[in-house]
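Below, each chain spelled out in residue letters.
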Amino acid sequence: MPERSGPSERGAESGTSTPPKSAPQPSHDITPGPPQARAHAARGGAPQPPPGPGRRSSPPSSIARLRVAEPAAVRGATLCSVLATAVLSASLLGDGLGANLLIVAIPAALAAFFAARAAGRRLRPWTAVWAVGGLALLVVPALRDAGWPSFLAVVSAVALGSLALNGARSWVGVFLGSLGLFSSLVEGTLWGCRGVRERMAGSRKRWGAALRTTAVAAVLLVVFGTLFASADAAFADVLGGLVPDVSLGDGPWRLLLFALGLVGSLAAAYTAAAPVRWDSFALLPGKARGRLEWALPLVVLNLLFAVFIAVQLTVLLGGYDKVMAQTHLSYAQYARQGFWQLLWATFLTLLVIAVALRLAPRGRDGDRTLVRGVLGTLCVLTLVVVASALRRMDLYVDTYGLTRLRISVAAMELWLGVVLVLIVVFGALRPRLLPRAVATSAAAAVLAFGLVSPDGLIAEQNVQRYRDGRSIDIAYLRDLSADAVPALDTLPEPLRSCALRDIEGSLRSSDTPWYAMSLGEARAREILRERGTDESEGSCSLARGGLGGGEGGGANGDRGYEDGRYVPSDTSDVGDAGDPR
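Just so it is clear, the structure is predicted and the values come from calculations on it, not from any experiment.

Basis of the calculations
- Residues numbered from 1 in each chain as written.
- Predicted model: local features only at pLDDT ≥ 70, side-chain atom pairs only at ≥ 80, totals over all residues.
- Heavy atoms only, no water.
- Core = buried A, V, L, I, M, F, W, Y, C linked by side-chain atoms within 4.5 Å.
- Buried < 20%, exposed > 50% of the residue type's maximum accessible area, 1.4 Å probe, protein only.
- Contact = heavy atoms within 4.5 Å.
- Helix = DSSP H or I, 4+ residues; strand = E, 2+ residues; numbered from the N terminus.
- Axes fitted to C-alpha atoms, helices over the stretch in contact; angles between N-to-C directions.
- Parallel < 35°, antiparallel > 145°, perpendicular 65-115°, else oblique.
- Left-handed = near helix turned anticlockwise from the far one by under 90°.
- Nonpolar A, V, L, I, M, F, W, Y, C, P; charged D, E, K, R; others polar.

K.L.:
With reference to specific residues and values, describe the nonpolar core.
P.N.:
Of all hydrophobic cores here, the largest spans 52 residues; its most connected members are Leu-488 and Leu-491. Setting aside its immediate chain neighbours within four residues, Leu-488 contacts Ala-459, Val-463, Leu-477, Arg-496, Ala-499, Leu-500 and Ile-503. Listed in part, the 19 residues of the second largest apolar core include Leu-137, Leu-160, Ala-439 and Ala-443.

Have a look at this one:
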């Protein structure tokens, strides 16, 4: 028969237990969740002993008070997934980043899933969206050789995975939740150590048998694998491609990767079992202003935006040549100067909207309609400013070609426009969903940026400009990653060899295994294997002589190449500090 509970025990189960009068509870600024001691014991967790006469109990930290509950003892499935993550990290991540990062992330995600299921957590829609999005972002290093979009994708994947583990709804919660995984590094490691110690103390014979079985299997694989590899060259080649190349000199580096995989997966599992309620750090609403005091500055700002847009429409209809003649600006100066100012205007508008929402009037009927009308108008007008900024960047790129910085800032401006659309849509329909929608849009933008292959787009656009009779900057293109090889391969000689020589040299000097090789690098190796570059010194010297837009030099009166770099006649537009190169 089950044991009957007393009043205090029943109160603990329902989350409404009352502390005894002799031991009053200290008050805190942030109220933690209800104690779950009995539920923790029912899930298999060891009961915490009371402090003895000579032992003091340290007060919990602020983050510990915000956790839902102390998780139960770590399960065997979680430990196996954590161990698999650590072993794969040490074996695969030491040779670069590619598909191996996604391979390592799968057992880490399984460890978090098993820990969350053992803690009784349910899979919510936003949790599923963020978890799938985090894994999808890790596809970018497997597809692209360029390091900069891969770095953005990995950082975004960690932030999105942390959000999936913690869960958040408010602006502060989404921001802190994206970094919340790091708050579990120490506690997660200690939780894993306690779980291993408890399991080994109760079943030493079973652990001994498992270790002996693993050792025997490893010896058999090494012995017979070595014999078969020495007997057949084809099998040795296949085995060499599948097995990671681990040497004694890489021991400290591999040990560090093992520790990082172990600690990181334990932190993910611990966070999944006991997430932190970051939404408790809510910002206090600002002091509401009167309608006139709040609306008048914003209405004036809306009028300024409307006048600027009217001028832009006039310029668009009258043509840029007339404007440049009146302002004494060159084609590139007009486009470049306006883009950066409009980019800052978009960013500052978002800050103005954030401050205006905190100080918005909310005491009388019709205040919500006023706020939506004024801020909605500002968002719509700012979208036109975003379109104008992107148009200016398009003009500049059309004149001087696409570069990494130009495509990056254009992508940032485009994402700011998406944020404005989300503010208009969710601000009118579901304001509480806006923080999560903005976070998801940022991750989606990083994913799309990596999938479109920025280096490949840069090479394609510059090659197309050359075909249209304009100059091409070989010195810049030769520093791109292997993602640019398919586009650069279409250039005529000697430009092709000059553009691909450095990339080919870097690929020859590196022996990247299959799990650390991206799809872009694999395609580049295949192209260069079928058709190599011209090793003669005259190929690049001929390119320096001014092979720009067609025969005999560049278009638009350019001076050709100096050390492989295109220099136009108007040098004031290229190479200065304001050039978004």
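Next, the rest of the story.
K.L.:
So what's going on with unusual backbone geometry? Residues and values would help.
P.N.:
For residues that are not glycine, phi is negative in most cases, and the peptide bond is trans in most cases. The linkage connecting Glu-493 with the following residue, Pro-494, adopts the cis geometry, with an omega of 5°. As for its placement among the helices and strands, Pro-494 is situated in the loop between α22 (485-488) and α23 (495-509). A positive phi is found at Ser-453, a non-glycine position, where the angle reads about 60°. Topologically, Ser-453 is positioned in the loop between α19 (434-451) and α20 (454-467). What makes Ser-453 buried here is its relative accessible area of 8%.

K.L.:
Help me get a handle on the packing of helix α5 (residues 99-118) against helix α13 (residues 251-273), residues and values and all.
P.N.:
Between α5 and α13, whose axes approach to 7 Å, the crossing angle comes to 30°. Here α13 runs roughly parallel to α5, going by the angle between their axes. Remark: the crossing between α5 and α13 carries right-handed chirality. Between α5, through Ala-108, Ala-111, Ala-112, Ala-115 and Ala-116, and α13, the contact on the second element is made entirely by Ser-265, Ala-268, Ala-269, Ala-272 and Ala-273. Partitioning the contact of α5 with α13 into residue classes produces 9 nonpolar, 1 polar and no charged.

That's the geometry; what it means functionally is another story.
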